[in-house]
Amino acid sequence: HLSTSFNTAFGESWNLDAYGDYIHKSGDYSRNIQENDESGMSEISFLQNGKWDIYALHAQLSKTIKGGRELSVGYDFSHTNGTDKLLYNTSIYNNSSHNKETRNSFYVNYSFPVGLFSFNAGVRYERLSSKIRNDASANGNVYDAGHLLPSIGFNTYNKGVMQSFTYSVDTRSPEFS
């Protein structure tokens, strides 16, 4: 796992934050699945071999405006590329799947305080492209779409207690743990 970050302030009210990550993950796992059909319970044993490369980048430029308000714009990028192989001990069905996913996101967020409260609103445009192909299929599954994702929030902080309400729409990918 390789990680890097860069933070700087310039002028009186500008901040730039940037983060990058690279992860290479590989592993061999022995697994068992129990299946139940009309003839009863059976156990299938197989080996799973996976190799994944994951890249991520986040950059945000923010400006503090008079009165404690803040305007932020940013860019997020992630790319995963990997292969999972399933090798069944009975050799009835062996398969590999090849997966690629790229996500590009641009966002803008505005926040402002009012007394003990603060409010924020933002919008994010996210473009997600993925392709999953296995050995049994020449074409595979392809997905390519863009989404406009809103967010709003309300926070209060009083006597060491913070309360917040947030509504947002986002997309999530599986964890590669």
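Keep in mind it's a predicted model, so treat the numbers as computed, not measured.

The rules behind these values
Residues numbered from 1 in each chain as written. Predicted model: local features only at pLDDT ≥ 70, side-chain atom pairs only at ≥ 80, totals over all residues. Heavy atoms only, no water. Helix = DSSP H or I, 4+ residues; strand = E, 2+ residues; numbered from the N terminus. Buried < 20%, exposed > 50% of the residue type's maximum accessible area, 1.4 Å probe, protein only. Contact = heavy atoms within 4.5 Å. Areas by Shrake-Rupley, 256 points an atom, 1.4 Å probe, with all protein chains shown as cover. Salt bridge = Lys/Arg side-chain N within 4 Å of Asp/Glu carboxyl O. Pairing = 2+ DSSP bridges. Patch = residues over 30% accessible without salt bridge, like charges linked within 9 Å, V, L, I, M, F, W, Y side chains within 5 Å.

## Section: the overall build of the chain
A count of helices and strands for the chain gives zero helices and eight strands. Starting at the N terminus and ending at the C terminus, the chain contains elements arranged as β-β-β-β-β-β-β-β. Counting all 177 residues of the chain, 20% fall into the buried class. The contacts of the chain with a sequence gap of at least 6 include a subset with a gap of at least 24, amounting to 50%. Summed over all atoms, the accessible surface of the chain reaches about 12,300 Å², with 55% contributed by carbon and sulfur.

## A look at the pattern of salt bridges
In total, this model carries five salt bridges according to the counting rule given. With a shortest N-O distance of 2.8 Å, Arg124 and Asp76 are connected by a salt bridge. Taken as a pair, Arg124 in strand 6 (residues 117-134) and Asp76 in strand 4 (residues 69-88) lie far apart in primary sequence, 48 residues in all. Judged by its relative accessible area of 22%, Arg124 falls in the partly exposed class. Residue class for Asp76 comes out buried when judged on its relative accessible area of 17%. Members of the salt-bridge network, linked through shared partners, are Asp76, Glu101, Arg103, Arg124 and Glu126.

## Brief notes about the pairing of strand 6
Two faces belong to every sheet, and in a regular strand the side chains alternate between them. Pairing geometry for strand 5 (residues 95-114) and strand 6, over 18 bridges, is antiparallel. Bridge assignment links Val114 to a residue of strand 6, and that residue is Phe117. Turn length for the strand 5-strand 6 hairpin, with the two strands adjacent in sequence and antiparallel, is two residues, and the turn residue Gly115 shows positive phi of about 65 degrees. Where strand 6 lies against strand 7 (residues 141-158), 16 bridges are found, and the strand directions are antiparallel. Its bridge partner being in strand 7, Ser130 is matched across the sheet by Tyr143.

## Concerning the environment of Pro150
You can see Pro150 is positioned in strand 7. By relative accessible area, which is 39% here, Pro150 ends up partly exposed. Between the C-alpha atom of Pro150 and that of Gly122, which follows or precedes it by 28 residues, the distance is 5.9 Å. Dropping the residues within four chain positions of it, Pro150 is found in contact with Gly122, Val123, Tyr167, Ser168 and Val169.

## What about a nonpolar patch on the surface?
Taken together, the side chains of Leu71, Val73, Phe106, Val108, Tyr110, Phe112, Val114, Val123, Tyr125 and Leu148 define a hydrophobic patch exposed on the protein surface, amounting to about 810 Å² of accessible area. For the nonpolar patch, the secondary-structure elements that each account for two or more residues are strand 4, strand 5 and strand 6. Counting residues per element, the nonpolar patch draws most heavily on strand 5, which supplies five residues.

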